Amino acid sequence: MAGNTGAETQVPSKDNLEGRSDIDLIAGINAGDAAAFEVLYFRYRDWVVSQARRFTGDDDAALDVLQEVFLYVLRKFPGFALTANFKTFLYPAVRNLSIAARRKSTRYRSNESERAILENTAAPDAAQGACDEVNLVLARLSEEHREVLLLRFVEDLSLAEIADAMEIPVGTVKSRMHNALQELRNDPRTRELFER
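Parameters and conventions
- Residues numbered from 1 in each chain as written.
- Predicted model: local features only at pLDDT ≥ 70, side-chain atom pairs only at ≥ 80, totals over all residues.
- Heavy atoms only, no water.
- Helix = DSSP H or I, 4+ residues; strand = E, 2+ residues; numbered from the N terminus.
- Phe/Tyr/Trp six-rings, centres within 6.5 Å; stacked < 30°, edge-to-face > 60°.
- Buried < 20%, exposed > 50% of the residue type's maximum accessible area, 1.4 Å probe, protein only.
- Arc of directions from axis to C-beta.
- Axes fitted to C-alpha atoms, helices over the stretch in contact; angles between N-to-C directions.
- Parallel < 35°, antiparallel > 145°, perpendicular 65-115°, else oblique.
- Contact = heavy atoms within 4.5 Å.
- Nonpolar A, V, L, I, M, F, W, Y, C, P; charged D, E, K, R; others polar.

What follows concerns the environment of lysine 174. Relative to the assigned elements, lysine 174 resides in helix 10 (residues 170–186). With 11 residues separating them along the chain, lysine 174 and alanine 163 place their C-alpha atoms 9.3 Å apart.

Next up, the structure:
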């Protein structure tokens, strides 16, 4: 074996994996390529953290959810087959683990008076402007309506992908979208966004 260059057993470098599709990376992970998992992790970690932060409202809890989500993903291998957009696959796990983390954190709050103080604390004066007005209106929407809007207009998921991610029928997605947009149209703080 003196002439063996090791080309037969060479594993693709992380740099070579960066441009590969999610499906190609998953095939690599199924074949035992740890670097493919690392690329997939780095590709989606910021997205998972931002979604988890949105659900939990806490940076530390969001990082905990990140770890739990990718442990969940890792347990799917070998043998995992991606049948949808990877974000669509991840979203229910992020959502469910975030909700569980939020419930867990509320159990450890000391008392109602401290919670009331935190809720009544004024936001900093620097948080002004049209973006803040939109955020205030969005905060008043139900969680289901806000979630559909954010998945559609921030995450750019199709209605079918939202339905898959939220595990609800497409008709329900359409109904929630319609109702949420109607609430935004009716609110004087966001009405002008629809008149442009």
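The peptide bond linking phenylalanine 77 to proline 78 adopts the cis configuration, its omega dihedral lying at -10°. Topologically, proline 78 is positioned in the loop between helix 4 (59–75) and helix 5 (86–107). The phi angle at aspartate 156 is positive, at roughly 60°, despite the residue not being glycine. Along the chain, the position of aspartate 156 falls in the loop between helix 8 (143–153) and helix 9 (159–166).

With that settled, consider the packing of aromatic side chains. Evaluated as defined, the whole model comprises 10 aromatic pairs. Considering the side-chain rings of tyrosine 41 and phenylalanine 70, the 4.9 Å spacing of their centres and the 75° angle between planes classify their relative orientation as edge-to-face. Note that tyrosine 41 is positioned in helix 3 (residues 34–56) and phenylalanine 70 in helix 4, a separation of 29 residues in sequence. Each ring, one from tyrosine 72 and one from phenylalanine 89, has its centre 5.9 Å from the other, and the planes form 15°; the classification is stacked.

Okay, helix 2 (residues 22–30) next. Every buried residue belonging to helix 2 is among Asp22, Leu25, Ile26, Gly28 and Ile29, and all of these are buried. Axial view of helix 2: buried residues confined to an arc of 155°, hence all on one face.

All right, on to the packing of helix 9 against helix 10 then. Following both chains from N to C, one finds helix 9 and helix 10 inclined at 105°, their axes separated by 8 Å at the closest point. Here helix 9 lies roughly perpendicular to helix 10, going by the angle between them. Only Val170, Val173, Lys174, Arg176 and Met177 of helix 10 make contact with helix 9, whose side of the interface consists of Leu159, Ala160, Ile162, Ala163 and Met166. Grouping the amino acids of the contact of helix 9 with helix 10 by side-chain chemistry returns 8 nonpolar, no polar and 2 charged.

Geometry only, nothing functional implied.
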